[in-house]
2 protein chains.
Amino acid sequence: MNDIMIDTDTISPQAAAQGWIDAFNQALAAGDAQAASRLFAPVCYWRDLIAFTWNLKTVETRAGVHDLLAATLETTGPVTFTLAEPATQSGDLVEAWLRFETRIGRGEGLVRLRNGEAWTLLTAMSELKGHEEPMHARRPMGAEHGVKPGRKSWGEARAEAARTLGYETQPYVLVIGGGQGGIALGARLRQLGVPTIVIDKHERPGDQWRKRYKSLCLHDPVWYDHLPYLDFPANWPVFSPKDKIADWLEMYTKVMDIDYWTKTVAQSATFDAASGTWRVMVDRDGVAVTLRPTHLVLATGMSGKPNIPPFKGMDRFRGEQHHSSAHPGPDAYAGKKVVVIGANNSAHDICAALWEHGADVTMIQRSSTHIVRSESLMEIGLGDLYSERAVANGVTTRKADMIFASLPYRIMHEFQIPVYDAIRRKDADFYAALERAGFMLDFGADDSGLFMKYLRRGSGYYIDVGACDLVIDGSIKLKSGVAIEEITETGVSMADGEEFPADLIVYATGYGSMNGWAADLISQDVADKVGKVWGLGSDTPKDPGPWEGEQRNMWKPTQQENLWFHGGNLHQSRHYSLYLALQLKARQVGIPTPVYGLQEVHHLH
Amino acid sequence: MNDIMIDTDTISPQAAAQGWIDAFNQALAAGDAQAASRLFAPVCYWRDLIAFTWNLKTVETRAGVHDLLAATLETTGPVTFTLAEPATQSGDLVEAWLRFETRIGRGEGLVRLRNGEAWTLLTAMSELKGHEEPMHARRPMGAEHGVKPGRKSWGEARAEAARTLGYETQPYVLVIGGGQGGIALGARLRQLGVPTIVIDKHERPGDQWRKRYKSLCLHDPVWYDHLPYLDFPANWPVFSPKDKIADWLEMYTKVMDIDYWTKTVAQSATFDAASGTWRVMVDRDGVAVTLRPTHLVLATGMSGKPNIPPFKGMDRFRGEQHHSSAHPGPDAYAGKKVVVIGANNSAHDICAALWEHGADVTMIQRSSTHIVRSESLMEIGLGDLYSERAVANGVTTRKADMIFASLPYRIMHEFQIPVYDAIRRKDADFYAALERAGFMLDFGADDSGLFMKYLRRGSGYYIDVGACDLVIDGSIKLKSGVAIEEITETGVSMADGEEFPADLIVYATGYGSMNGWAADLISQDVADKVGKVWGLGSDTPKDPGPWEGEQRNMWKPTQQENLWFHGGNLHQSRHYSLYLALQLKARQVGIPTPVYGLQEVHHLH
């Protein structure tokens, strides 16, 4: 039985959406999880971003919906959904933007209906009642009108708060790592009034980009990269040069009044379960400081901890060798022989910059790589959501983020495969030329391309901004498909007997799981308790199952109380920092946060 | 005869607007200034911001319109106007937003029709054809895709350009003064590709605010204060504290890639009419540099040059005395006796901060002051254009600026008088209490209030953020309506015999005309040739006639070739920097810029 089976041939999308919302509200008001779940299609996906579950969680099937609601409705309700704007129809799908209110918060959502039943539902909390951010009509006055003896000016009060936090007062949250992730989270927590320190080892915010190789530019376009609260201006470059994004991050940290400690390294952290707080020993520019935050966020980078496989003979190599993350750029290597081991983003960027500066460069490709030309990715892969065209069509960054978030990870590859099929057709000559040069290509385990590779394993691709032409024409020498036998005193020796003499070897061999940071900082026990960070459980290379349905351990509660992981690209740093910040805010002010579906641990790293 | 007399009772505002536009286009296409002028009402105002006149110019009456068109149409045409959005009607006025295109540029406009005739018309150029700013779809790529040996990274190229400009290459424009005005203009010229150096005496951009007294906050609200290209975020305070606006200006200068020389003072400037360039001697952090810009912009502040009247006996005063612009803030004056001469914004702010910090403060009011409470100004004076409410109603900053610009200065007071009448009624008790305390109030020469005072003379008011209560309750002692006899060794002696002993005297006595800067930097001859800067010619106190109809010498050609004045509040710095930048760009690329109605000089200062 389905009370609201609707024939979308005869009724308007608006009426269909309103009918569904009314029925859903009614079921929720009655506390009837069964009735509510029957409003979903048998094959369905409900993705909730902390509004019902205090978790990032996707449930599937009516049984999943029923389970979620049965577990959460009592603490979440009363819940009311309303239509946020007129519903639209596309093929047999009705799409409707939602607003909703729960007992403790307000949120936004997106539902897709087929034959009157929900096929996908996204619910995302946007604010906690009584703890709304001081924006727009709620923004601070700045000047305190009226005059009070002894009053501190804004500058004095700000300076004193910055001086005492971490010493006379303790932060509620300590964020370790002040790249884009830590900065975006720091900005949100500041707005929410959660005392927070962001620490970073570098001299200046933005050094995480500034200090990398000099030709580096963002590979994602500007529309995808906005930080919270402050969009890049309309004249910002499409692909931000690294020094420009570094300067932006630095000024953003300043104008957002983030308490950001530069030249600061966390040395150890222990959790005291009795008091529910961490004890973190940090070195702040040579001075030891002990911090006692309640929550610890590792924002040290989803590709933060360099990984170098143990090649035989590495220790006897007489030249210079370093991981790609330590590569200083090409200037010192004109006329030198350089071997770059790896064939992903960093390897390509480094090879191209070295070649530009007159080095003799060989790239050793050990396994196949997914290549997508930047132009094609922009045009076909991202353009509907993140582009000047999207903006002109009314797809704001917030809307784009919500649309992107509304596609369930379980079926996201189905949307991605046709995109990459189109790209392969468009760029067929380019791919053929790469293969003629001996380059081993792939398009992901199921041909679903770049985003799925990123979400599943965070590696295995290069967004081509020019290096491929150098591989094709032989300017960058390519060795592919043959194992490395050993590193010799003078270079790299391959299993087929070929030798590549080298003055410099760059290991562009990627990064480990983020719980490696927890092992270094806290303990191996805690790292193992938390388990692997990143990946969906897709059972594809470097993303072992079982299916998790969300990024493992990212932005949501982990098995270690009060330990969180944050990061990803600028898009993720922007979007998911909101939900992480709201989770922390709720805990700060004592709002109960029962977690539905806390993830289990299946892999240690 | 009037072909298009339209009965707005019977036709839609849309049809009325479209009919007028069609007729106007037709007259312009025919080069018929006479016919075009007949489309205006007998009492009418056309304000043009450089689109037709290469000037900021308001003409009145049909004869004025005819004269403007007869002089400009040949070089400006072909011109085509279109309706930018549906016209609206309010009372007997039809209001229509316009877009238009001339031979060399594109612009926006706003026309108000009454009985089918134009009562007011605003035309404002927004871009030069072929020199559009690299924004939105035209924004730079950032990454140069493709790989070229020897290519400089963005950071390297930017650093080299910054290093060589002013030495190996010459700026086309030199802007003297790097406050909000110089910075906004610098940003626009950078976007337009006009090589520009902004110089400023301070250590850091923003020091113009940072170094002032510590309780200072902007008296204008955030919606009025946005800089070009980059709005303040939604969490920015309504009234920005001075350190916060200072930090914003500093980061803005950085992220907008403005070539900004700190610790740099211009010492002399001479114009070489033969080469059409300036020779400017500057001291850059102790090193002499000669610059040869084609254009010189003085952005040293419309209230930049301190003015202290010569009081008898000043030289023998044994305490400390300084102009308000040099006041360091209250910290050193707890327990001291301070006399502040003046009763405008700075005087009130300084008195309140001194009282807060325990000084014994006397304010000497020499002439009447216009007082308006900040809340009332926000609610009644600005709210329709610059407020959260305005933003919610679709009045963007750009639209608000254009609406504000579309009200002819000649009749602006007629719109302002009712606003201040309403404020007087609302705050009647407050004003009565001030008068009981002996404070001399005015509302401007014709009761038109704050904005008109600002536009006419730039002085004579205080936006109350609390100090008035201290005057009312006697915390700040007030002496009013009596002339100062002399400054004695120990204080201030009044004409009625009263003596005010003082450890510190603050002269909050205002500022001179900006051409005083030209006298200091260039010569008295050039200052006299240019004449008084600021004011409309309203023939009210401190704004002598004859009627000019625009701000004298601001943002438009002056009688001194290649010398310009720029400045004003943040609103003006934002809005008028566009027209100044376009005038400079046109000259840089050799577009003819025949100036219609170059202002005459009637006053030397």
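Owing to the predicted nature of the structure, the values given are computational and were not obtained by experimental measurement. (Residues numbered from 1 in each chain as written. Chains lettered and ligands numbered in written order. Predicted model: local features only at pLDDT ≥ 70, side-chain atom pairs only at ≥ 80, totals over all residues. Heavy atoms only, no water.)

Caption draft 1: Seen up close, the pairing of strand β17 (residues 360–365) of chain B. Residue and element names in this part refer to chain B. Along β17, five of the six residues are buried, which leaves the element largely enclosed by surrounding structure. Summarising the sheet, strand β16 (residues 337–341) and β17 pair through five bridges and their orientation is parallel. By the bridge assignment, Ile 341 is partnered in β17 with Ile 364. Each parallel crossover has a hand, and for β16 linked through helix α8 (residues 345–356) to β17 it is right-handed. Summarising the sheet, β17 and strand β21 (residues 477–480) pair through four bridges and their orientation is parallel. Bridged to Thr 362 within β21 is Lys 477. (Buried < 20%, exposed > 50% of the residue type's maximum accessible area, 1.4 Å probe, protein only. Helix = DSSP H or I, 4+ residues; strand = E, 2+ residues; numbered from the N terminus. Pairing = 2+ DSSP bridges. Right-handed = clockwise from strand over helix to strand, strands pointing away.)

Caption draft 2: Representation of the sheet that holds strand β26 (residues 563–565) of chain B within the structure. Residues and elements named next belong to chain B. Across the sheet, five strands lie side by side as β10-β9-β8-β14-β26; this open sheet has parallel pairing. Two strands lie at the open edges of the sheet, namely β10 (260–261) and β26, each paired on one side alone. Relative to strand β9 (residues 196–199), strand β8 (residues 173–176) is paired through four bridges, and the arrangement is parallel. Looking across to β9, one finds that Leu 174 is bridged to Ile 197. Contacts between helix α18 (residues 570–588) and the sheet are confined to β8, β14 (295–298) and β26, with β26 contributing the most and set at about 165 degrees to the helix. (Contact = heavy atoms within 4.5 Å. Axes fitted to C-alpha atoms, helices over the stretch in contact; angles between N-to-C directions.)

Caption draft 3: Expanded view of the interface of chain A and chain B. Listed by partner, the interface residues are 57 residues for chain A and 57 residues for chain B. Around 4900 Å² of area is buried between chain A and chain B when both sides are counted, 62% of it from carbon and sulfur atoms. The largest share of the area that chain A buries against chain B comes from Arg 139, Asn 235 and Glu 356 of chain A, three residues that together contribute 14% of it. For the interface between chain A and chain B, the tally reads six salt bridges. Applying the counting rule to chain A against chain B returns 20 residue pairs in polar contact (both at pLDDT 80 or more). The set of elements that each furnish at least two residues to the side of chain A that touches chain B consists of α4 (154–164), α7 (242–255), α8 (345–356), α9 (374–382) and α15 (467–472) of chain A. Of the residues contributing to the side of chain A that touches chain B, the split by class is 30 nonpolar, 12 polar and 15 charged. (Buried area = accessible area lost by both parts, 1.4 Å probe. Salt bridge = Lys/Arg side-chain N within 4 Å of Asp/Glu carboxyl O. Polar contact = N/O pair within 3.5 Å; in protein donor to acceptor, adjacent residues only side chain to side chain. Nonpolar A, V, L, I, M, F, W, Y, C, P; charged D, E, K, R; others polar.)

Caption draft 4: Inspection of the packing of helix α5 (residues 180–191) of chain B against helix α7 (residues 242–255) of chain B at higher detail. All names here are of chain B. Running from N to C, α5 and α7 cross one another at 25 degrees; their axes reach a closest spacing of 10 Å. In terms of their interaxial angle, α5 and α7 are classed as roughly parallel. In this structure, the crossing between α5 and α7 has a hand that is left-handed. Two secondary-structure elements touch here, α5 through Gln 180, Ile 183 and Ala 187 and α7 through Leu 249, Tyr 252 and Thr 253. A class-by-class count of the residues in the contact of α5 with α7 yields four nonpolar, two polar and no charged. (Parallel < 35°, antiparallel > 145°, perpendicular 65-115°, else oblique. Left-handed = near helix turned anticlockwise from the far one by under 90°.)

Caption draft 5: Region of the structure containing the pattern of salt bridges. Overall, the coordinates contain 86 salt bridges over all chains when judged by the stated rule. With its nearest N and O atoms 3.8 Å apart, the salt bridge here joins Glu 168 of chain A to Arg 163 of chain A. The salt bridge involving Arg 158 of chain B is made with Asp 257 of chain B; its shortest N-O contact spans 3.7 Å. Of the two residues, Arg 158 of chain B is situated in helix α4 (residues 154–164) and Asp 257 of chain B in the loop between α7 and β10; the sequence distance between them amounts to 99 residues. What emerges from the salt-bridge pattern is a single network uniting Arg 204, Asp 207, Arg 210, Asp 247 and Glu 250 of chain A together with Lys 254 of chain B.

Caption draft 6: Up close: the environment of Phe 311 of chain A. Residue and element names in this part refer to chain A. Within the element layout of this structure, Phe 311 appears in the loop between β14 (295–298) and β15 (320–323). The spacing of Phe 311 and Pro 134 is 177 residues in sequence and 54 Å in space, taken between C-alpha atoms. Filtering out sequence-adjacent residues up to four positions away, Phe 311 remains in contact with Ile 341, Arg 366, Ile 484, Ile 487 and Tyr 507.

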